[in-house]
Amino acid sequence: MTKHTPHILVVEDDLQQREVIAHILTSEGFEVIAADSVEQAIVELKSQPIDLVFSDWKLGSLSGIDLLRYVKKQSPHIGFAMATAYGTIEHAVKAIEAGADDYLSKPFSRQALLLCIDKIDRARQLREQNRQLQGALGEQQQLVDLIGQAPCMQTLFTRLEKMSATDATVLILGESGTGKELAARALHKLSPRAEQPFIAINCGAIPATLAEAELFGAMKGAYTGADRDKQGKFQAASGGSLFLDEVGELPLELQTRLLRFLQEGTVTPLGSHQEVSVDVRVLAATHRNLEEMVTNGQFREDLYYRLNILPVTMPPLRERREDIPLLAKFFIQKSSNRYHRDPPAISKAGLKQLMEHSWPGNVRELANRIERFVLLEDETELVSQRSDNQSSSFSGFTFPAQGLDFDQLEKYLLTEALARSQGNRTAAAKLLNMNYKAFLYRLEKFGIC
Ligand SMILES: Nc1ncnc2c1ncn2[C@@H]1O[C@H](COP(=O)(O)OP(=O)(O)OP(=O)(O)O)[C@@H](O)[C@H]1O
Ligand SMILES: [Mg+2]
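Residues numbered from 1 in each chain as written. Chains lettered and ligands numbered in written order. Predicted model: local features only at pLDDT ≥ 70, side-chain atom pairs only at ≥ 80, totals over all residues. Heavy atoms only, no water.

Chemist: I tried to follow the pairing of strand 6 (residues 79–84) on my own but got confused; where do I start?
Modeler: Along any regular strand the residues' side chains alternate between the sheet's two faces. Counting buried positions along strand 6 yields six of six residues, so the element is predominantly enclosed. Side chains of strand 6 alternate between two faces, with Gly-79, Ala-81 and Ala-83 and Phe-80, Met-82 and Thr-84 buried alike. Two elements, strand 3 (residues 52–56) and strand 6, share five bridges in a ladder whose sense is parallel. Paired with Phe-54 across the two strands is Ala-81, which belongs to strand 6. Of the strand pairs in this sheet, strand 6 and strand 7 (residues 102–105) are connected by four bridges, and their pairing is parallel. Across the sheet, the residue bridging to Met-82 is Tyr-103, located in strand 7. (Buried < 20%, exposed > 50% of the residue type's maximum accessible area, 1.4 Å probe, protein only. Helix = DSSP H or I, 4+ residues; strand = E, 2+ residues; numbered from the N terminus. Pairing = 2+ DSSP bridges.)

Dropping the structure here:
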């Protein structure tokens, strides 16, 4: 491969200096493009590939820092050096802070110029190599605290990264134990709001009577026992993110208020007539099927559409089995640290069984089993089918206050299991931890073919 000749954009408003610099760099074999202003430099940057920029600080009404900011935003891979006037060290500091790879005080010698260019070219090459390496690895094993290298997790990480940069409401869907809360925390930590509060509230865990004050705040005397103003979670999350966990459990009346906030950005504390503006990003999660709840009149349709602007679905663990060894290793380490144990090894057979299990409780179930394995040093804890971890498999299921239609639920579970197994009945029966005959009998009972 022939070595690529770096293209350098020299930005200097003094004609004589510009020519001297261009001459030195051309005689060293660089391809030089010259510009006499920030505006001209931007035109050049847009019209051809540039590897390096060597820019003066003072450039008419604009300055080199304006150009630097543009370059960092548009083409962060470009190497950048700033020439600063003698004795203006604060300019050099500013340039480095803004992301320049180096600076050079004027007047400078030919040798100092070449050293500087060499330095920024190496910085550029390093960035390029890193970029290629990342592309070649093709996968990221972790996003904040979310672990996973399966392709579906890579897609998820990219999606979460993109979403984190915006202020839009995100709806996180997925079965219990798939990491919905971890995803919400990751969105916050990667966002420009990271330094501001992250407030989580479980909409299913607050009694309906207290929920309004809890979320929106209350004025002194608004209800019995309110002996002073109460700050709601929205106000507490001001500037940051509010995580509404189990948003499907939010009582209908509060759904209306949430919708109002999402539309207007305002909340009205209980007992007040004054609307207050709050700057809060809402992240919501549910393991329930909101669309179905809308059909059943349990969830406001308009709120559903508002929340569903950026949906993200956490894959169930059985759809990314290749991540099980990685997760198992992580939880063994975590539990061993927690209980001050030596990390126990898992046998091949143990790992195989972990890989084959259907994990109805997803990552939480895996974490619980590993914790027991570390504590009891008994591998059967990893794989025993005993009760199949009922507590975690049902932890995400909330019995509706108004009761439910058992036949409907059973039918739903059967069709859902079939859908998830792409119609494979053996796999669907396994998902329900049911023997095949019993499964067929139930299919017949409901006339599901
Ligand atoms: N991808 C992951 N990497 C590492 N740990 C995970 C991952 N997904 C989930 N966990 C762990 O599993 C447990 C459950 O995760 P989390 O609470 O985020 O799930 P959830 O989807 O909110 O569940 P639920 O619907 O039951 O509230 C936590 O201990 C979390 O740390
Ligand atoms: Mg949760």
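Anyway, onward from the coordinates.
Chemist: What is the right way to look at the sheet that holds strand 11 (residues 198–202) in this model?
Modeler: What links the strands of a sheet is backbone hydrogen bonding, and the strands pair in either a parallel or an antiparallel sense. The sheet built from five strands is open, its strands ordered 11-12-15-10-16 with parallel pairing. Only two strands of the sheet have a single partner each, and these edge strands are strand 11 and strand 16 (310–313). Sheet twist, expressed as the average angle between the axes of neighbouring strands with direction ignored, equals 20°. Pairing of strand 12 (residues 241–245) with strand 15 (residues 281–286), which is carried by four bridges, proceeds in the parallel orientation. Across the sheet, Phe-243 pairs through a bridge with Leu-283, a residue of strand 15. Most of the contacts of helix 7 (residues 180–189) go to strand 10 (residues 170–173), to which it runs at about 150°, and overall it touches strand 10, strand 11, strand 12 and strand 15. (Axes fitted to C-alpha atoms, helices over the stretch in contact; angles between N-to-C directions. Contact = heavy atoms within 4.5 Å.)

Chemist: Sorry, what's going on with the pairing of strand 12 here?
Modeler: Of all five residues that make up strand 12, five are buried, and the element is covered over most of its length. Residues of strand 12 alternate between two faces, with Ser-241, Phe-243 and Asp-245 on one and Leu-242 and Leu-244 on the opposite face, all of them buried.

Chemist: Can you walk me through helix 8 (residues 208–216) in this structure?
Modeler: Residues three or four positions apart in an α-helix share a direction because the helix packs 3.6 residues into each turn. All of the buried residues along helix 8 are Ala-211, Glu-212, Ala-213, Leu-215 and Phe-216. Packing partners of the buried residues in helix 8 comprise strand 11, helix 9 (233–236), strand 12, helix 10 (252–264) and strand 13 (266–267). One or two positions beyond helix 8, positive phi appears at Gly-217, with a value near 90°.

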